[in-house]
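Residue strings, one per chain:
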Amino acid sequence: MKVRLLDIAHARSGDKGDTANVGVIALRDDWYPILDRYVTRERVAEHFARVITGSVERFELPNLFALNFLLHGALGGGGTITLRTDAQAKVYSSALLRLVIDVPDDEARAAGLPEHRA
Amino acid sequence: MSRIVRIAAGQGFWGDWLEAPRRQVEGGPIDYLMLDYLAEVTMSILQKQMQRDPMAGYARDFIVQMEGVLPAVLERGVRVTANAGGVNPLGCADALLAMARGTKNHERLRVGVVTGDDLLPHLDSLIASGHALAHMETGEPLASVRDRVLSANAYIGSRPIVEALERGANVVVTGRCTDTALILAPLMHELKWPTNDWDRLASGIVAGHIVECGAQSTGGNCAYDWRSIPNLENIGFPIVEVAEDGSFVVTKHPGTGGRVDVHGVTEQLVYEMGDPHEYITPDVIADFTTIRIAPDGADRVRVFGVRGAPPTDKLKISIAYRAGFKAVGTLVYAWPDALAKAQEADRIIRARLASLGLEFELIHTEYVGATATHGPLAAIPEELPEVQLRIGVRGSDRRAVERFTREIAPLVLTGPPGVTGYAGGRPKVEEVVAYWPALVDKSVVTPRVSMLTT
């Protein structure tokens with residue numbers, strides 16, 4: 001089943017130098033294992049491949065039902081010198097929530113995940 | 001009954017809601033008011049202001065805001081911690097005292113000023129004695145940009161603020177300190193936390209992290225079910241009620257707008273987060289993976305269980321240096337073919353800049369309304385009613401950037417049709433100030449506390 005991150009998580013993002021951080025939080029506590037299993041570092045790196053120039057790091061915060069991603073080379077050199085509208089990575093959060101993941105049907109149904117129909 | 005300290009945050013950055021400090025003081029009982037004015041880029045702006053006027057260099061909003069809350073500070077014993085001093089904490093304190101002299105009870109005002117974060121006068125001796133002050137991301141030594149440095153400030157921790165409070169300050173003005181120290185210091189002072197009680201210090205840091213961005217923890221900029229967040233026009237700023245054991249409740253004054261719930265506080269916890277196992281401050285390293293969080297009634301969230309570890313022997317310093325000039329211009333193109341027209345205008349501007357022989361480090365174009373912020377992740381609808389062409393340049397030659405600013409308006413009569421939105425006039429040339437984070441040994445930074453009265 002296709003599941004869009006926007007429908008199962010919320011997020012906030014910020015900047016540090018040329019790196020964006022995106023914290024992604026499960027909308028329901030029992031959906032955190034879905035995030036943990038399918039919103040992998042590789043999947044997120046692939047999602048942002050044409051947007052950032054550096055690597056992606058992932059950290060788990062199971063206590064907050066959240067993942068933290070660091071997107072390196074995300075701001076055209078950093079908030080103070082960039083010419084971009086989103087100089088401080090404020091809307092990288094919703095850019096990540098566009099991600100559509102594949103979850104096996106039975107697992108998705110058991111968790112009550114909303115299906116994404118493009 | 002165990003002791004609770006109530007700290008209200010009244011400012012999340014320089015330029016935040018002017019009304020907030022007064023509303024925090026008048027809206028209900030608080031022990032401390034914390035005001036954060038300094039972002040990465042702020043120190044360099046203040047440094048430039050002080051070069052023009054030696055009396056400037058601090059956040060002037062602070063003086064205006066203190067005028068509104070000073071009676072409460074002096075009568076009810078509310079104490080204030082603020083990093084409003086910027087690059088001129090003593091000048092800030094002087095302005096505060098000058099403002100206070102006309103007010104009732106002014107003889108009760110005791111201003112503690114923390115200095116010593118400014119490393120600009122010591123940069124050359126630091127470099128000469130072997131401190132490379134290498135860029136934390138690139139590893140490049142500071143020597144490569146030394147002649148362009150505007151400001152250099154260490155992020156000082158809570159100790160000197162605690163000292164000022166112990167010496168009786170009811171207003172503490174600092175320069176560059178960690179935002180979280182403005183919260184941790186009052187807690188250490190009031191609750192007598194030992195300086196090696198890593199878990200409680202880490203809890204104070206987490207409290208500081210949650211409230212340092214003002215209303216971003218009470219419903220502002222909150223993605224979780226944002227439509228249902230009530231009464232944002234009257235948003236309450238955050239208050240932490242901290243117990244002796246370090247656990248605390250995040251809340252806001254009754255009757256204010258916004259929302260304090262687990263979802264919103266969690267969003268703020270992950271904001272500007274690096275490795276959550278190691279949130280490094282000069283006072284303690286907090287482990288954000290140990291935080292426990294639970295609802296505690298209407299507009300109340302309880303945070304507990306935070307673990308900490310001893311800090312490193314380094315301080316982070318923030319250095320700002322001149323890095324050329326930039327300007328950004330915009331034009332709006334309307335239906336039909338809005339995007340195609342904006343793209344053609346971009347091509348024309350670039351061709352004219354090239355034929356003038358102007359060179360830039362970067363020419364950057366965005367089409368606002370046609371996925372300027374999400375890039376290739378978003379699809380562009382066919383029939384856009386309008387698109388804003390936003391074109392910017394950056395380079396070391398100020399004259400080239402100036403010339404660029406003259407190349408936008410001519411498109412109105414010399415480019416594709418359907419163009420408008422140029423009434424703002426010619427773009428402004430701005431100096432680019434770049435940010436250089438580095439580490440330095442704690443031993444080379446000596447914070448000082450001065451006590452001043454009217």
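Note that the structure is a prediction, hence the values are computed from the model and not measured.

Residues and elements named next belong to chain B. Packing of helix α6 (residues 159-166) against helix α7 (residues 181-191) brings their axes to within 8 Å, and their N-to-C directions diverge by 45°. Classed by the angle they form, the pair α6 and α7 counts as oblique. When the axes of α6 and α7 are compared, the crossing they make is right-handed. Across from I161, V162, L165 and E166 in α6, the residues of α7 making contact are A181, L182, A185, P186, M188 and H189. Broken down by class, the residue content of the contact of α6 with α7 amounts to 8 nonpolar, 1 polar and 1 charged.

Structurally, the position occupied by E267(B) is in helix α9 (residues 262-269). Among the polar contacts made by the side chain of E267(B), one reaches the side chain of H10(A) at a distance of 2.6 Å. In this structure, E267(B) is in contact with H10(A), A11(A), R12(A), I25(A), N221(B), C222(B), A223(B) and Y224(B), ignoring residues within four places of it in sequence.

Turning next to the pairing of strand β2 (residues 9-16) of chain A. Residues and elements named next belong to chain A. For β2, the tally of buried residues reaches 7 of 8 residues, placing the bulk of the element in the interior. Sheet topology note: the β2/strand β3 (residues 19-26) ladder contains 8 bridges and is antiparallel. Among the inter-strand pairings, A9 is bridged to a residue of β3, identified as A26. In this structure, the hairpin formed by β2 and β3 is closed by a connection of 2 residues, where G17 is found at a positive phi of approximately 60°.

The final tally for this structure, using the stated rule, is 7 aromatic pairs over all chains. Arranged with centres 5.7 Å apart and planes meeting at 50°, the rings of F48(A) and Y92(A) form a pair that is tilted. Residue F48(A) is located in the loop between α2 (41-47) and β4 (56-61), and its partner Y92(A) is located in helix α3 (residues 92-97); the two are separated by 44 residues in the primary sequence. In this structure Y92(A) comes out as buried when scored by relative accessible area, which is 7%. Here Y37(B) and F62(B) contribute two aromatic rings whose centre-to-centre distance is 6.0 Å and whose plane-to-plane angle is 80°, an arrangement assigned as edge-to-face. Of this pair, Y37(B) sits in the loop between β2 (32-35) and α2 (42-52) while F62(B) sits in helix α3 (residues 61-76), and the two are 25 residues apart along the sequence. Comparing Y37(B) with F62(B), the two get one shared label, buried. Over the aromatic face of Y58(B) sits the side chain of R60(B), whose NZ or CZ is 5.7 Å from the ring centroid. The ring of F304(B) carries the charged tip of R302(B) above its face, separated from the ring centre by 4.3 Å.

Okay, the pairing of β4(A) next. Residues and elements named next belong to chain A. Relative to strand β5 (residues 66-71), β4 runs antiparallel, the two sharing 6 bridges. Bridge assignment links E57 to a residue of β5, and that residue is L70. The loop that links β4 with its antiparallel partner β5 comprises 4 residues; one of these, F65, has a positive phi angle of about 55°.

All right, on to the sheet that holds strand β9 (residues 279-280) of chain B then. All names here are of chain B. The 3 strands are arranged β9-β10-β13 in an open sheet whose pairing can be described as antiparallel. Edge positions in the sheet fall to β9 and β13 (307-309), since each has one partner strand and no second. Direction of pairing for strand β10 (residues 285-287) relative to β13: antiparallel, over a ladder of 3 bridges. When the bridges of β13 are listed, I285 appears paired with A309. Where helix α8 (residues 198-211) meets the sheet, its contacts fall on β9, β10 and β13, and the angle it forms with β13 comes to roughly 110°.

Pairing within the open sheet is antiparallel, and its 4 strands lie in the order β2-β3-β5-β4 (chain A). Of all the strands in the sheet, just β2 and β4 of chain A have a single pairing partner and so form its edges. Across the sheet, the mean angle separating the axes of adjacent strands is 20° when strand polarity is ignored. Packed on one face of the sheet, α9(B) meets β2 and β3 of chain A and runs near 30° to β2(A).

Calculation notes
- Residues numbered from 1 in each chain as written.
- Chains lettered and ligands numbered in written order.
- Predicted model: local features only at pLDDT ≥ 70, side-chain atom pairs only at ≥ 80, totals over all residues.
- Heavy atoms only, no water.
- Axes fitted to C-alpha atoms, helices over the stretch in contact; angles between N-to-C directions.
- Helix = DSSP H or I, 4+ residues; strand = E, 2+ residues; numbered from the N terminus.
- Parallel < 35°, antiparallel > 145°, perpendicular 65-115°, else oblique.
- Left-handed = near helix turned anticlockwise from the far one by under 90°.
- Contact = heavy atoms within 4.5 Å.
- Nonpolar A, V, L, I, M, F, W, Y, C, P; charged D, E, K, R; others polar.
- Polar contact = N/O pair within 3.5 Å; in protein donor to acceptor, adjacent residues only side chain to side chain.
- Buried < 20%, exposed > 50% of the residue type's maximum accessible area, 1.4 Å probe, protein only.
- Pairing = 2+ DSSP bridges.
- Phe/Tyr/Trp six-rings, centres within 6.5 Å; stacked < 30°, edge-to-face > 60°.
- Lys NZ or Arg CZ within 6 Å of the ring centre and 35° of its normal.

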